[in-house]
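Here's the letter readout for the chains.
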Amino acid sequence: MTDPDPATVDDYPIVIQDLLHYLGPRTSLDDKSAVALPVAAIKALLQVVQRSKANTMMGLQDELKESSQSMLDYALEGTLLGRSHIALASGCELFLKYITRTFLETPDFDACKGQVLERGEHFAGISLAARDRIANVGHGFIRDGQTVLTHGWSRVVAALLLKAAETTHFDIVILEGRPDAAGAKAAALYAQEGIPTKVVLDSAMGYVMESVDLVLVGAEGVVENGGIVNKMGTFALAVNAQESNVPFYVAAESYKFARLYPLHQKDLPTMGGLNQQHLDFVDTASWHRTGREGPSSTKKQQDTNATSTPHEPSNTVSGIVTIPHNVKVDNPPCDYTPAKYITLLFTDLGVLTPSAVSDELIRLYQ
Amino acid sequence: QQQQQQQQQQSKKEESQKDAHPPSKTKSESIFSHLPPARDMDEYEEGFSGASLGTKQQHKDLHPRVLELGLLYASGQIRGGNARCRAMLECFSDVLEDYQPPQDCRDIRAHLDQHILKPSFSYWAEDCRPHSVSMGNAFTFLKSAVASLDRDMSLEEIITVLQETTKAYVQERLDFADQVISDFASTKIVDGDVILTYAHSSVVESLLKSAASSEKKFRVVVADSRPLLEGKTLLKSLREAGIECCYILLNSLSYIMQDVTKVFLGASALMSDGSVLSRVGTACVALLAQSSNKTVLVCCETYKMSNRVQLESITGNELGSPQFVVSKDLQGFRDQKNLMLLNLLYDLTPSNVVSGIVTEMGILPPTSVAVL
């Protein structure tokens, strides 16, 4: 995941430039204050409204739709964390719906435009504050002495756990998170904050489940029936948790609620850039060899357009076995976890059961 | 003399009771005794000519179109929630054309309600065939449309407005809804799919045809059951559209289920907890599909949603004529006092078996029906 070449930024349409501007400097993916992609997109759309020379509602709506589409295309190219494009799409759609309501209330276009900007700012404000609200509603679910299992890197989950750590003593177990070492990044953050953290193999999720009290994950998107789309492995984790009667919680902002209704795993929209990635080799080196050298505990693929941060020093491992070219490799970035495996969702709208997600979506899109 | 009078009164009462509920031989001790017994065609043969159906005193004022439609309902020539509702609204539209309130009528709306709407509907529901939820909801809509008319409107205005309102209702909540449902559901059909459907649902028929016309490669399995064998009409219609089809009866369902990828079902009504009231046999199909991990999608327009909650198939159902269940060995069933032939028309599919409900508002989980 490289930053776009500064020399070519000016060639991008203005809305993309705004988007990149609002995303801020890419200091580190661990940075918990980093702006979420959909929030930056919403701010960029507000700029579109301000710059707009349209004289009618339809004209403004068209401009906004076009800008959303170009942001989505840009994200799908893989240059902007291709995985979260579901949240980007749903965030833009919700924003459009939110301000479209203003059109219905104020028929006069100019007065309307001022109101639109105001409402848009309000919406952006809500989205920014969403993470804190989620941390507030969710942190009480973790009690002293419990062990939390988490998977994947999510800023919302991180905010929630750090808030809980202010008042509670608990442990964290993190799944390694292949192929992008997301778990390793998360582990570094939690350890830094003083929470006892343990990293295990992805395949050890069944093994550790008996010593865990709750599972907490984030989401790329929340779909209509209350299921979630998240990093590959979440579905297996959820099934495992249900089997062991361990509650499975999801922390997600409400702009991630998407109007999708997947019926099975392959029914998900294409994930863009990351789908084309291939594992070029299988790392069969033993665990202690990939152990604690350097700041990250594991090093994954050598593919240079991978999602891992460019700042991690490469810990090359000897004893690598490569897969011959006539063997197919399938590495989708996300899977779909049906609603029946999810206990509760922590959102900025409150704590919801999966069936309440659809009610909220009906309300939001009404 | 008093005794004679009493006897006369009693026999009159019995006569009227006999008229109200034709004495078909469904045994009264059964658990289905709360449902109105079916019109047994053999018993009531002359009763099925239109003139006889309208021979009672209170029916003399009914418009001939109403009687005609009643006959079509009773004989089963018009079946299906959408078809019955459409026919009903068309009939009311025609009746309004000829409507003339009496000269001294002060409130046309009340007269219309009491002399046209109510009598016609109760005639259909009580003497011909119990009404479906779709008909009930449409009738409620029509009554509220009449009630919301201006008191001072002229007769011509009232007739025009009502006719336009019913036309708009049919267009929006039936035709347009069907189109939107077809569009949503077609997005879920992918190349290589094997779609299972049961009996004949007009919505499922139109969605399969629209998916076929958008060049998707799939095939359909039509499951069917006695006595109505409605799947045959669906099969014919799909073959005319060039869709590859397979036809089975319910007993082959478990065999065919391994090849099936998706199940599309229609509904007569949607309860507010998400359970689906549909042609008897639908619950079997849905249950078997779910236990084999196949997706079950129920296609239903929002006007068919009911405020009721039903927990099982017995409390709210309809009895069909038992003679349709008869095979040659059971010819003498009427004379056997311990034998009851049951011909139920509907059953209830619980909401946990349904993967999603396709309405014109989108695809929803069953638990969200109440929100609509």
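Residues numbered from 1 in each chain as written. Chains lettered and ligands numbered in written order. Predicted model: local features only at pLDDT ≥ 70, side-chain atom pairs only at ≥ 80, totals over all residues. Heavy atoms only, no water.

## Some thoughts on the overall build of chain A
When you go through chain A residue by residue, the secondary structure sums to ten helices and twelve strands. Evaluated residue by residue, chain A yields a buried proportion of 52% over its 366 residues. (Helix = DSSP H or I, 4+ residues; strand = E, 2+ residues; numbered from the N terminus. Buried < 20%, exposed > 50% of the residue type's maximum accessible area, 1.4 Å probe, protein only.)

## Remarks on the side chain of D113 of chain B
For D113 of chain B, the location among the structural elements is in helix α5 (residues 108-128). Residues contacting D113 of chain B, with those up to four places away along its chain left out, are K118, P119 and K143 of chain B. (Contact = heavy atoms within 4.5 Å.)

## Things to note about the interface of chain B and chain A
Each partner contributes residues to the interface: chain B has 14 residues there, and chain A has twelve residues. For the pair chain B and chain A, the summed buried area comes to about 1,100 Å², and 59% of that belongs to carbon and sulfur atoms. For the interface between chain B and chain A, the tally reads one salt bridge. One salt bridge in this structure joins K188 of chain B and D267 of chain A, with 3.2 Å as the shortest N-O distance. (Buried area = accessible area lost by both parts, 1.4 Å probe. Salt bridge = Lys/Arg side-chain N within 4 Å of Asp/Glu carboxyl O.)

## A few points about a negative patch on the surface
Residues and elements named next belong to chain B. A cluster of acidic residues, D150, D152, E156 and E157, forms a negative patch at the surface. Within the secondary structure, E156 is located in helix α7 (residues 155-187). Take E156: its relative accessible area is 56%, and that puts it in the exposed class. (Patch = residues over 30% accessible without salt bridge, like charges linked within 9 Å, V, L, I, M, F, W, Y side chains within 5 Å. Areas by Shrake-Rupley, 256 points an atom, 1.4 Å probe, with all protein chains shown as cover. Lys, Arg positive; Asp, Glu negative; His and termini not counted. Charge placed at Lys NZ, Arg CZ, Asp CG, Glu CD.)

## A few points about the sheet that holds strand β1 (residues 147-151) of chain A
Across a sheet, strands are paired by hydrogen bonds formed along the backbone, either parallel or antiparallel in direction. Residue and element names in this part refer to chain A. Read across the open sheet, the seven strands follow the order β3-β2-β1-β4-β7-β11-β12; overall the sheet is mixed. The open sheet has two edge strands, β3 (197-200) and β12 (350-352), and neither has a second partner. Averaged over all adjacent pairs, the angle separating strand axes in this sheet is 25°, with direction ignored. As defined by bridge partners, β1 adjoins strand β4 (residues 214-217) across four bridges and the pair is classed as parallel. Following the sheet pairing, L149 is matched in β4 by V215. Sheet contacts for helix α5 (residues 109-138): β7 (248-251), β11 (344-347) and β12; angle to β11, the most-contacted strand, approximately 135°. (Pairing = 2+ DSSP bridges. Axes fitted to C-alpha atoms, helices over the stretch in contact; angles between N-to-C directions.)

## Topic: empty space enclosed by the protein
Residue and element names in this part refer to chain B. Considering all chains together, one arrives at four cavities of 30 Å³ or more under this definition. Space inside the second largest cavity adds up to approximately 60 Å³. Along the walls of the second largest cavity sit F92, S93, V95, L96, L112, I116, L117, L142, V146, L162 and T166, which together make up its complete lining. Secondary-structure elements contributing two or more residues to the lining of the second largest cavity are α4 (81-97), α5, α6 (133-147) and α7. (1 Å grid on protein atoms, 1.4 Å probe; cavity = no way out; pocket = protein on both sides within 12 Å on 5 of 7 lines; lining within 4 Å. Points joined across faces, edges and corners; volume = space filled by probe spheres on them.)

## Thoughts on the nonpolar core
In this structure, M71, L149, V215, L237, F248 and V250 of chain A are the most contacted members of the largest nonpolar core, which totals 69 residues. It is helix α2 (residues 37-51) of chain A that contributes the most residues to this core, ten residues altogether. Excluding residues that lie within four positions of it along the chain, F248 of chain A makes contacts with V215, V217, T234, L237, A238, A241, Y341, I342, T343 and L344 of chain A. Ranked by size, the runner-up nonpolar core spans 40 residues in total, among them C85, Y123, W124 and V146 of chain B. (Core = buried A, V, L, I, M, F, W, Y, C linked by side-chain atoms within 4.5 Å.)

## What about the pattern of salt bridges?
Residue and element names in this part refer to chain A. A full pass over the atoms with the stated rule returns 19 salt bridges over all chains. One salt bridge in this structure joins R133 and D348, with 3.9 Å as the shortest N-O distance. Taken together, the residues R133 in helix α5 and D348 in the loop between β11 and β12 connect sequence positions 215 residues apart. Relative accessible area serves as the criterion here: at 34%, R133 is assigned to the partly exposed category.

## Focus: the packing of α4 of chain B against α6 of chain B
Residues and elements named next belong to chain B. Where α4 contacts α6, the axes come no closer than 8 Å and their chain directions differ by 30°. If you check the angle between α4 and α6, you find them roughly parallel. Crossing angle aside, the handedness with which α4 passes α6 is right-handed. The segment α4 lies against α6, with G81, R84, C85, M88, L89 and F92 engaging S134, M135, A138, F139 and L142. Class assignment of the residues belonging to the contact of α4 with α6 gives a composition of eight nonpolar, two polar and one charged. (Parallel < 35°, antiparallel > 145°, perpendicular 65-115°, else oblique. Left-handed = near helix turned anticlockwise from the far one by under 90°. Nonpolar A, V, L, I, M, F, W, Y, C, P; charged D, E, K, R; others polar.)

## Some details on the packing of helix α4 (residues 85-105) of chain A against α5 of chain A
All names here are of chain A. In the contact formed by α4 and α5, the axes pass within 9 Å of each other and the chain directions differ by 145°. Here α4 runs over α5; the crossing is right-handed. Listed contacts from α5 to L94, F95, Y98, I99, R101, T102, F103 and E105 of α4 are C112, Q115, V116, R119, G120, H122 and F123. Taken together, the residues that form the contact of α4 with α5 break down as eight nonpolar, four polar and three charged.

## Notes on helix α7 (residues 182-192) of chain A
Residues and elements named next belong to chain A. Of all the eleven residues making up α7, eight are buried; the element is thus mostly covered by neighbouring parts of the structure. Taken together, the buried positions of α7 are A182, G183, A184, K185, A186, A187, L189 and Y190. Along its buried surface, α7 packs onto α6 (155-165), β2 (171-175), β3 and β6 (228-231). Within two residues after α7, G194 carries a phi angle of roughly 90°, on the positive side.

## So, the confidence of the model for chain A
Of all residues in chain A, 77% have pLDDT values of 70 or greater, and the mean over the chain is 78. Residue range residues 272-317 of chain A is modelled with pLDDT below 50. Its contacts to residues more than four positions away, or to other chains, number 82 contacts. (pLDDT = per-residue confidence, 0-100.)

## Some words on the pairing of strand β7 (residues 295-299) of chain B
All names here are of chain B. For β7, the tally of buried residues reaches five of five residues, placing the bulk of the element in the interior. Here β7 shows two buried faces, one formed by T295, L297 and C299 and the other by V296 and V298. Sheet analysis places β7 next to strand β9 (residues 356-359), joined by three bridges and oriented parallel. Its bridge partner lying in β9, V298 is registered against I357.

## Concerning the packing of aromatic side chains
Counting across every chain of the model gives ten aromatic pairs over all chains. Consider the rings of F141 of chain A and F346 of chain A, whose centres lie 4.7 Å apart with planes at 40°: the pair is tilted. Here F346 of chain A lies in strand β11 and F141 of chain A lies in the loop between α5 and β1, a separation of 205 residues in the sequence. On the basis of relative accessible area, F141 of chain A is assigned to the partly exposed category, the value being 27%. Both rings, one in F121 of chain B and one in F139 of chain B, keep their centres 4.1 Å apart while their planes meet at 10°; by these two values the pair is stacked. (Phe/Tyr/Trp six-rings, centres within 6.5 Å; stacked < 30°, edge-to-face > 60°.)

## Observations regarding the confidence of the model for chain B
All names here are of chain B. Averaged over chain B, the pLDDT score is 87; the fraction of residues at 70 or greater is 89%. For chain B, per-element mean pLDDT is lowest for helix α2 (residues 50-53), which scores 55, and highest for strand β2 (residues 218-224), which scores 97. Overall fold confidence for the complex sits at a pTM of 0.80, while the interface term, ipTM, reaches 0.73.

## Section: the pairing of β6 of chain A
Residues and elements named next belong to chain A. The pairing of strand β5 (residues 221-222) with β6 spans two bridges and is antiparallel. Following the sheet pairing, G221 is matched in β6 by V229. Counted between consecutive antiparallel strands, the loop separating β5 from β6 contains five residues, among which G226 sits at a positive phi close to 95°. With four bridges connecting them, β6 and strand β10 (residues 334-337) associate as antiparallel partners. In the sheet register, V229 faces β10, and the bridge partner there is Y336.

## Section: helix α9 (residues 231-240) of chain B
Residue and element names in this part refer to chain B. Taken as a whole, α9 has its buried residues at G231, L234, S237 and L238. Summarising the axial view, the buried residues of α9 lie within an arc of 125°, below the 170-degree limit, and thus occupy one face. Projecting away from the buried face of α9 at angles above 90 degrees are the exposed residues K236 and E240. In this fold, the buried residues of α9 make contact with β1 (193-198), α8 (202-213), β2 and β3 (244-249). A positive backbone phi angle near 80° is found at G242, which sits one or two residues after α9. (Arc of directions from axis to C-beta.)

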